[in-house]
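One letter stands for each residue in the lines below.
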Amino acid sequence: MGRNVSKHDLWSNVMGPPIYKGIMSRERFDDLLRIVIFDDKDTRTERKKEDKFTALREVFKKINDRFVLLYKPG
């Protein structure tokens, strides 16, 4: 799936990878996007033109950076 996949397609029975439905419902994801805000509202509109996931991008980047440090396969 490409980078610009719609939220609807991610939870689709036909096109969506099963991991999304396995983690949470689309409705729960919508609730989290509405409630959880980690970024600066004053600059979000400009950044959102480039990245629709901008409100959570920095948090997920930090989590992924930690995973690389903490997880050693094998």
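The coordinates are above.
A.B. asks: Just to check I follow, could you spell out the pattern of salt bridges for this structure?
C.D. replies: Where charged atoms from two side chains of opposite charge come close, those side chains can pair. Scanning the model with the defined rule gives five salt bridges in all. One salt bridge connects Lys49 with Glu46, and the closest N-O pair in it is separated by 3.3 Å. Overall, Lys49 belongs to the exposed group, its relative accessible area being 61%. The exposure class of Glu46 is exposed, given its relative accessible area of 53%. Notably, a salt bridge pairs Arg57 with Asp51, separated by 2.7 Å at the nearest N-O pair. Residue classification places Arg57 among the partly exposed residues on the basis of a relative accessible area of 38%.

A.B. asks: It is not clear to me how the side chain of Ser12 should be interpreted in this structure. Could you clarify?
C.D. replies: The residue Ser12 is located in the loop between helix 1 (7-10) and helix 2 (18-23) in this model. Overall, Ser12 belongs to the buried group, its relative accessible area being 16%. Of the polar contacts made by the side chain of Ser12, one reaches the backbone nitrogen of Val14; its length is 3.1 Å.

A.B. asks: Sorry if this is basic, but what is going on with the layout of surface pockets here?
C.D. replies: If you roll a probe as big as a water molecule over the atoms, it shows you where there is empty space left. The computed volume of the largest pocket comes to approximately 1200 Å³. Leu10, Phe29, Leu33, Phe53 and Arg57 are, among the 31 residues lining the largest pocket, the residues nearest its centre. Of all the secondary-structure elements, those providing two or more residues to the lining of the largest pocket are helix 1, helix 2, helix 3 (26-35), helix 4 (41-48) and helix 5 (54-70). Ranked by the residues each element gives to the lining of the largest pocket, the list is headed by helix 5, at six residues. Grouping the constituent residues of the lining of the largest pocket by class yields 17 nonpolar, five polar and nine charged.

Each value, and the rule that gives it
- Residues numbered from 1 in each chain as written.
- Predicted model: local features only at pLDDT ≥ 70, side-chain atom pairs only at ≥ 80, totals over all residues.
- Heavy atoms only, no water.
- Salt bridge = Lys/Arg side-chain N within 4 Å of Asp/Glu carboxyl O.
- Buried < 20%, exposed > 50% of the residue type's maximum accessible area, 1.4 Å probe, protein only.
- Helix = DSSP H or I, 4+ residues; strand = E, 2+ residues; numbered from the N terminus.
- Polar contact = N/O pair within 3.5 Å; in protein donor to acceptor, adjacent residues only side chain to side chain.
- 1 Å grid on protein atoms, 1.4 Å probe; cavity = no way out; pocket = protein on both sides within 12 Å on 5 of 7 lines; lining within 4 Å.
- Points joined across faces, edges and corners; volume = space filled by probe spheres on them.
- Nonpolar A, V, L, I, M, F, W, Y, C, P; charged D, E, K, R; others polar.

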